[in-house]
Amino acid sequence: MRFHCLQHLPDEGPGHAADWLAAHGCTLTYTKLFEPNPEFPALADFDGLLILGGAMSVHDEENLPWMRPEKAFIREALRAGKITLAICLGAQLVAEALGGEVRPNHAPEIGFWTVRFSVKSLEHPLLRGWPEKAAVLHWHLDTFTVPPGAIRVGMSAATATQGFVWGDGVIGLQFHPEMTVPMVEKLMAFEGHEHAEEQEFVQTAAQIRAKMKSVWKGRKLLETLLENLVAVHESEIASFNGNLTP
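Because the structure is a prediction, the values reported are computed rather than measured. (Residues numbered from 1 in each chain as written. Predicted model: local features only at pLDDT ≥ 70, side-chain atom pairs only at ≥ 80, totals over all residues. Heavy atoms only, no water.)

Going through the model one piece at a time under the given rule, you end up with six aromatic pairs. Geometrically, the ring pair formed by W113 and F201 is edge-to-face, given 6.1 Å between the ring centres and 75 degrees between the ring planes. Of this pair, W113 sits in strand β5 (residues 102-117) while F201 sits in the loop between α5 (181-190) and α6 (205-210), placing them 88 residues apart in sequence. Take W113: its relative accessible area is 23%, and that puts it in the partly exposed class. (Phe/Tyr/Trp six-rings, centres within 6.5 Å; stacked < 30°, edge-to-face > 60°. Helix = DSSP H or I, 4+ residues; strand = E, 2+ residues; numbered from the N terminus. Buried < 20%, exposed > 50% of the residue type's maximum accessible area, 1.4 Å probe, protein only.)

Here's what the structure looks like:
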């Protein structure tokens, strides 16, 4: 299966997702939006879209010349029925494209916090094999409403909408299951978090490091999700081939 990745910052790469895709024979190409003159592939050149996070807002179009073309590309991919996994900023971009609202959360959510997954979402094929709850990494100031026709994935104490599934093959997650330990360290350095004070839903750098083993819980969720996404793609191919006339 051919995945294409929209990457917004140099240090916020696909992490565990890249490892899993390579191990399972999937290809991964990139549009690196932080580089000059980023280009987007033709829709025929990929099967699945991976949209990553970033420090910017979906409302930063005036300051980021690549954001409007990226939003247009995402809308085209969704209309074409491309399987999509979107994380943090990526989930906010997809939520907006599907008619949801992106706005500031009532409080920042930073660190490892527990998400309770909704019963309805766990019945969806993409989330088959997920537990009822998991402590995962969060790093966001904004949130989004569930797009029309989508199913809420779950919630945390700080954030009412921790993700959504839309149709058979589109999922957006507000939290970060893709991040490795080195990526979390780079994120804390980038954000100047080393001396940040504890808040209601913000952990200090020391608290985050003490909970770093939870990165592996996120990885397990991600690996199960990618397996389910690939299965959806393979079933679509099988269905298409079965409908071909000799």
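The subject of this paragraph is the pattern of salt bridges. Taken as a whole, this structure holds nine salt bridges when the rule is applied. One salt bridge in this structure joins D47 and R2, with 2.9 Å as the shortest N-O distance. One end of the pair, D47, is in the loop between β2 (27-32) and β3 (48-51); the other, R2, is in strand β1 (residues 2-7), and 45 residues separate them in sequence. Residue classification places D47 among the buried residues on the basis of a relative accessible area of 16%. (Salt bridge = Lys/Arg side-chain N within 4 Å of Asp/Glu carboxyl O.)

With that out of the way, let us pick up the nonpolar core. Core analysis: the biggest nonpolar cluster contains 32 residues, and L85, W130 and I171 have the highest contact counts within it. When contributions to this core are tallied by element, the ones reaching two or more residues are β1, α1 (16-23), β4 (83-87), β5, β6 (133-144), β10 (170-173) and α7 (215-242). Looking at this core element by element, the count peaks at seven residues for α7. The contacts of I171, once residues within four sequence positions are left out, are T84, L85, A86, L126, L127, V153, F164, V165 and L225. (Core = buried A, V, L, I, M, F, W, Y, C linked by side-chain atoms within 4.5 Å. Contact = heavy atoms within 4.5 Å.)

With that settled, the discussion passes to the UniProt feature "domain: Glutamine amidotransferase" (unreviewed entry) in the protein chain. Using the residue numbers shown here, the UniProt feature "domain: Glutamine amidotransferase" (unreviewed entry) corresponds to residues 24-181. With 17% helix and 35% strand, residues 24-181 has its two end C-alpha atoms placed 22 Å apart. (UniProt positions renumbered as here; feature names shortened; annotations may be inferred.)

Here the focus is the sheet that holds strand β8 (residues 154-155). Judged by pairing direction, the sheet is antiparallel, and its three strands sit side by side in the order β6-β5-β8 without closing on themselves. This sheet does not close on itself; its edge strands, each paired only once, are β6 and β8. As paired strands, β5 and β8 are joined by two bridges and run antiparallel to one another. Paired with F117 across the two strands is G154, which belongs to β8. In this fold helix α3 (residues 89-97) packs onto β5 and β6, with an angle of close to 60 degrees to the strand it touches most, β6. (Pairing = 2+ DSSP bridges. Axes fitted to C-alpha atoms, helices over the stretch in contact; angles between N-to-C directions.)

Here K82 is to be found in the loop between α2 (67-79) and β4. The buried charged residue K82 lacks any salt bridge, with D47 as its nearest oppositely charged partner at 5.2 Å. Excluding residues within four positions of it along the chain, K82 makes contact with L43, F46, D47, A77, G169 and V170. (Lys, Arg positive; Asp, Glu negative; His and termini not counted.)

Looking at the element boundaries, H124 is found in the loop between α4 (119-122) and β6. Leaving out residues up to four positions away in the same chain, H124 has contacts with I151, V165, G167 and D168.

Along an α-helix, residues three or four apart share an orientation, since each turn contains 3.6 residues. Between its first and last C-alpha, α2 extends 18 Å over 13 residues, near the 18 Å set by a 1.5 Å rise per residue. Those residues of α2 that are buried are in contact with β1, β3, β4, α3 and β10. Remark: G81 follows α2 within two positions and exhibits a positive phi of approximately 80 degrees. (Expected span 1.5 Å × (residues − 1).)

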